[in-house]
Amino acid sequence: MTAPTALTALDDRATVDRLDPHGLLGRIEALPEQCEEAWRCAGEFELPSAYRDAREVVLLGMGGSAIAGDIVRSIASTSGRKPIYVVRGYDAPGFVSEQTLVVACSHSGNTEETLSSVRQSLDAGARGIAVTTGGELRSLAGERGIHCLSYDYDGEPRSAIGHQLMTLLSLAERAGLLASQGDAVAEAVSLMREQRARIGHSTSSDRNAAKQLAGRLRGKLPVIVGGGVLSDAAYRWKTQINENAKSWAFHETMPELNHNAIAGFGLPEELVPRLHVVFLHHSALHPRLRLHYDAAADALTAAGVAHERVEALGSSGLAQALTSLHFGDLVSYYLALLNRVEPAPVQALDKVKAKLAQS
């Protein structure tokens, strides 16, 4: 385990001020308020009645925008009325037609993959909506005569997930894909606020489960596992550890893990001491799925691989996804401080984008 002195450093405001001059901590901790405000703003949008007749919905995006789409798709998979697809990449699906509602989501409005796929979708006759702060996507919406839901947010794309998720969720509700989500949103916001009081930066490391988990993950290779709607939260944990803590991380989904990955537990032997598996769990998961969790935990124990569970909160799938996601965002931030890296900038991503811009 990480020495107490190392965790105590997480309580030091001077450490935050030194390593986080861009103020990422404040944006992470403000997720409940961001979701609440975004839900209110999205509810003011008048969705054209013709959009309710769409045969299917395709959500286009990359990074946090796509993760927001994943969560909406997962919620709709059990209670939705029409299929929802999430597309990451340059090409629109071949089935896109005038009967398809396409929602292009890009925080900056300049995500080249999303711009490419939305142009293809519109050329195929799809009905379109853009969700963005501006950029080329907003300009394209004006040129092609499609609706644009603009929001203002001064921060990293990954920190704007509340805007993206609430907007997509509201659109899905208004398009008749989902039943009313107002109660689920209220539950998620309330539980995240309660959660923040327990794991936010002001709560000391001796009482803060997120800081303690970050300590256990320091110097390890995290593998985050989730089933159902928590599989999307698991992927978010992975990407936040990558971008905030500047560290390798992987994710697995249940029950798929028990159909392949479980056969590889324990090898290579040199890696075993470096692995740390985190199961994102909730008691409302399918009973058979919970048995899969137990079986995987037993196999990890037998292989000598460290593992633990983090319990999601709430009765709705949305609350479970968001409380798990919020916990992971804070863990990734605390891990960044322990790694002594600045969490907000992502210079590696910026270099890739610069290289692509030159081609």
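Just above, that's the structure.
Rules used throughout
- Residues numbered from 1 in each chain as written.
- Predicted model: local features only at pLDDT ≥ 70, side-chain atom pairs only at ≥ 80, totals over all residues.
- Heavy atoms only, no water.
- Helix = DSSP H or I, 4+ residues; strand = E, 2+ residues; numbered from the N terminus.
- Rg over C-alpha atoms; globule rule 2.2 N^0.38 Å.
- Buried < 20%, exposed > 50% of the residue type's maximum accessible area, 1.4 Å probe, protein only.
- Contact = heavy atoms within 4.5 Å.
- Areas by Shrake-Rupley, 256 points an atom, 1.4 Å probe, with all protein chains shown as cover.
- Lys, Arg positive; Asp, Glu negative; His and termini not counted.
- Charge placed at Lys NZ, Arg CZ, Asp CG, Glu CD.
- Patch = residues over 30% accessible without salt bridge, like charges linked within 9 Å, V, L, I, M, F, W, Y side chains within 5 Å.
- Salt bridge = Lys/Arg side-chain N within 4 Å of Asp/Glu carboxyl O.
- Pairing = 2+ DSSP bridges.
- Axes fitted to C-alpha atoms, helices over the stretch in contact; angles between N-to-C directions.
- Parallel < 35°, antiparallel > 145°, perpendicular 65-115°, else oblique.
- Phe/Tyr/Trp six-rings, centres within 6.5 Å; stacked < 30°, edge-to-face > 60°.
- Lys NZ or Arg CZ within 6 Å of the ring centre and 35° of its normal.

(A) Layout of the overall build of the chain. Secondary structure summary: the chain contains 14 helices and nine strands in total. In terms of overall dimensions, the chain is globule-like: its C-alpha atoms have a radius of gyration of 20 Å, near the 21 Å expected for 359 residues. Each principal axis of the C-alpha distribution contributes one length, and for the chain these read about 60 × 45 × 45 Å. Buried positions account for 53% of the 359 residues belonging to the chain. Summarising the internal contacts of the chain: among those between residues at least 6 apart in sequence, 79% fall at separations of at least 24. Per element, the accessible surface of the chain, about 15500 Å² overall, is 52% carbon and sulfur. For the chain, the distance from the average position of its 35 positive side-chain charges to the average position of its 41 negative side-chain charges is 2 Å.

(B) Fine view of the environment of Val229. By the secondary structure assignment, Val229 is in the loop between strand 6 (221-227) and helix 11 (230-244). For Val229 and Asp20, which are 209 residues apart along the polypeptide, the C-alpha to C-alpha distance reads 31 Å. Residue contacts for Val229: discarding those within four places in its chain leaves Ile71, Ser74, Ile75, Gly317, Gln320 and Ala321.

(C) Spotlight on a nonpolar patch on the surface. There is a patch of nonpolar side chains on the surface, built from Tyr90, Val352 and Leu356 and spanning about 260 Å² of accessible area. Residue placement: Leu356 occurs in helix 14 (residues 347-358).

(D) The sheet that holds strand 9 (residues 306-311), seen in detail. Ordered in space as 7-6-8-9, the four strands form an open sheet in which the pairing is parallel. Two strands close off the open sheet at either side, each with one partner strand: strand 7 (250-254) and strand 9. Adjacent strand axes in the sheet meet at a mean angle of 25° when their direction is disregarded. Direction of pairing for strand 8 (residues 275-281) relative to strand 9: parallel, over a ladder of six bridges.

(E) Expanded view of the packing of helix 8 (residues 161-174) against helix 13 (residues 317-338). Contact geometry for helix 8 and helix 13: axes closest at 13 Å, N-to-C directions at 170°. Comparing the axis directions of helix 8 and helix 13 gives the class roughly antiparallel. Contacts between helix 8 and helix 13 involve Ile161, Leu165, Met166 and Leu169 from the former and Leu318, Leu322 and Leu325 from the latter.

(F) Molecular detail of the packing of aromatic side chains. Applying the stated criterion across every chain yields a total of five aromatic pairs. Where Tyr85 meets Phe95, the ring centres are 4.8 Å apart and the plane angle is 50°; that geometry is what we call tilted. On the criterion of sequence distance, the pair formed by Tyr85 in strand 2 (residues 84-87) and Phe95 in the loop between strand 2 and strand 3 (100-106) is long-range, its members being 10 residues apart. You can call Tyr85 partly exposed: its relative accessible area is 34%. A relative accessible area of 34% means that Phe95 is categorised as partly exposed. The ring of Tyr334 carries Lys211 above its face, with NZ or CZ at 5.6 Å from the centroid.

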